Amino acid sequence: MRVERIGDATLYLGDCLEILPALGKIDHVFADPPYEAITQKRWGVLAGVEYRDFTEGGLDFEAIDDSRDVSASNIAAACNGWAVVFCQAEGVRAWRDSFAKTSAKYKRAMVWVKPDAMPQFNGQGPSVGFENMVAVWCGKGHSTWNGGGRPGVFTHCKNSGGKHKHPTQKPVPLMAEIVSLFSNKGQTILDPYMGSGTTLVACARLGRKAVGIELDPAHFETACHRIEEAYRQGDMFIAPPAKPKQETMDV
């Protein structure tokens, strides 16, 4: 078990299904779990065109299908407020059903629209220009957020916010909008599928504390570097980072 503390961010290298139950309560959870199996099977085509730097014919992580129930259970148990979970359209109902087995309250599906999505090159049908998110309230009482009655539609180019460091990396502006709408300054955000750390970068820039968990050592290192850089940029509402400190943790 490896733990790095960078500013107000704490990063764990390990399996979130093992680490999550030991963390205690967190204000909110924003997660981008592995894709559903149906999407994983399509990835060979995409990999050769859009993400050739990362993979040869497939993704380097397993589909979420077999671990969705336990992941939803762990998220609901750890979260005091909102859980926002990315998925494909095929996964919306499955995530809703998984959260229905917990004490959390499924609210609705949201959409990330991608103006720069790849076309369907064979012209036999429309391409996929969006991803879904499910919004789940894990807290007590009525849910609250900073978006008023606006729709849960987020429009951001995939390639905005810097070069991709991860095959399914989300753009920083997208995650910054989600962090701003579903949390408040000073709160703590957990990303149990941290990847290259985009959620934690957004938290650093927006004055939120953050916890990230990542299984892959290479992606973990990338996340550490990106979060250090986010603090070095000196946004007006964050302090300079403390020196990274490696620790151990038994779970």
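Structural data are supplied above this passage.
Here the structure is a predicted model, which is why all the values come from computation and not from measurement.

(A) Spotlight on the overall build of the protein. Broken down by element type, the protein carries 7 helices and 10 strands. Every one of the 251 residues in the protein was classed for burial, and the buried ones make up 49%. In the protein, 75% of the contacts between residues at least 6 apart in sequence involve partners at least 24 apart. Roughly 11900 Å² of accessible area belongs to the protein as shown, and the carbon and sulfur atoms make up 51% of that amount.

(B) Main features of the pairing of strand β1 (residues 2–6). In terms of residue burial, β1 counts as a mostly covered element, since 4 of its 5 residues are buried. Judged from the 5 bridges that link them, β1 and strand β2 (residues 9–13) form a sheet pairing that is antiparallel. When the sheet's bridge partners are listed, Ile-6 is paired in β2 with Ala-9.

(C) Fine view of the environment of His-156. Here His-156 shows up in the loop between β7 (153–155) and α5 (172–182). Using a relative accessible area of 14% as the deciding quantity, one classes His-156 as buried. Along the sequence, His-156 and Asp-116 sit 40 residues apart, while their C-alpha atoms lie 8.5 Å from each other. Among all residues touching His-156, those that are not within four sequence positions of it are Trp-112, Val-113, Lys-114, Pro-115, Pro-171, Pro-173, Leu-174 and Glu-177. Side chain to side chain, His-156 and Glu-177 meet in a polar contact 2.7 Å long.

(D) Here's a closer look at helix α7 (residues 217–232). For α7, which comprises 16 residues, the first-to-last C-alpha distance of 23 Å matches the rise-based estimate of 22 Å (1.5 Å per residue) to within 8%. All of the buried residues in α7 are His-219, Phe-220, Ala-223, Cys-224, Arg-226, Ile-227, Glu-228, Ala-230 and Tyr-231. Packing partners of the buried residues in α7 comprise β1, β2, α5, α6 (198–206) and β9 (209–214). The N-capping residue of α7, defined by a side-chain oxygen 2.9 Å from the backbone nitrogen of Ala-218, is Asp-216.

(E) Structural detail: the packing of aromatic side chains. Throughout the structure, instances matching the rule amount to 5 aromatic pairs. Taking the centre distance of 6.4 Å and the plane angle of 70 degrees together, the rings of Phe-30 and Phe-182 count as edge-to-face. Residue Phe-30 is located in strand β3 (residues 28–31), and its partner Phe-182 is located in helix α5; the two are separated by 152 residues in the primary sequence. Accessibility expressed as a relative area gives 1% for Phe-30, which makes it buried. Here the aromatic rings of Trp-145 and Phe-182 are separated by 5.0 Å at their centres, their planes lie at 40 degrees, and the arrangement is tilted. Of this pair, Trp-145 sits in the loop between β6 (130–137) and β7 while Phe-182 sits in helix α5, placing them 37 residues apart in sequence. Taken together, the aromatic side chains of Phe-30, Trp-82, Trp-137, Trp-145 and Phe-182 make up a single cluster linked through ring pairs. A cation over a ring is seen here: Arg-150 above Phe-154, with NZ or CZ 4.9 Å from the ring centre. The ring of Phe-86 carries Lys-170 above its face, with NZ or CZ at 5.2 Å from the centroid.

Reading the values: rules and limits
Residue positions are given per chain, counting from 1 as you read along its sequence in written order. Since the coordinates come from a predicted model, pLDDT governs what is reported: local features require at least 70, and pairs of side-chain atoms require 80 or more to be given and counted, while whole-chain, interface and lining totals use all residues. The basis for the side-chain values is all heavy atoms of the structure; hydrogens and waters are excluded. The secondary structure listing takes helices from DSSP runs of H or I that are at least 4 residues long and strands from runs of E that are at least 2 residues long, numbered from the N terminus. Think of it in three bands: with a 1.4 Å probe and only protein chains considered, a residue is buried below 20% of the maximum accessible area for its type, exposed above 50%, and partly exposed in between. Throughout, a residue-residue contact means that at least one pair of heavy atoms, one from each residue, lies within 4.5 Å. What sets the accessible areas is the Shrake-Rupley method with a 1.4 Å probe; for residues, cover comes only from the shown protein chains. Only strands that DSSP links by at least two bridges are regarded as paired with each other. Any pair of nitrogen or oxygen atoms within 3.5 Å is treated as a polar contact; in protein, a donor-acceptor pairing is required on top of that, and neighbouring residues in sequence qualify only through side-chain atoms on both sides. By this rule, a helix spans an expected 1.5 Å times one less than how many residues it contains. Two rings from Phe, Tyr or Trp (for Trp, the six-membered ring) form a pair when their centres are within 6.5 Å of each other. A pair whose planes differ by under 30 degrees is stacked, one over 60 is edge-to-face, and the rest are tilted. Each ring is checked for a lysine NZ or an arginine CZ that lies within 6 Å of its centre and within 35 degrees of its normal; such an atom marks a charge sitting over the ring.

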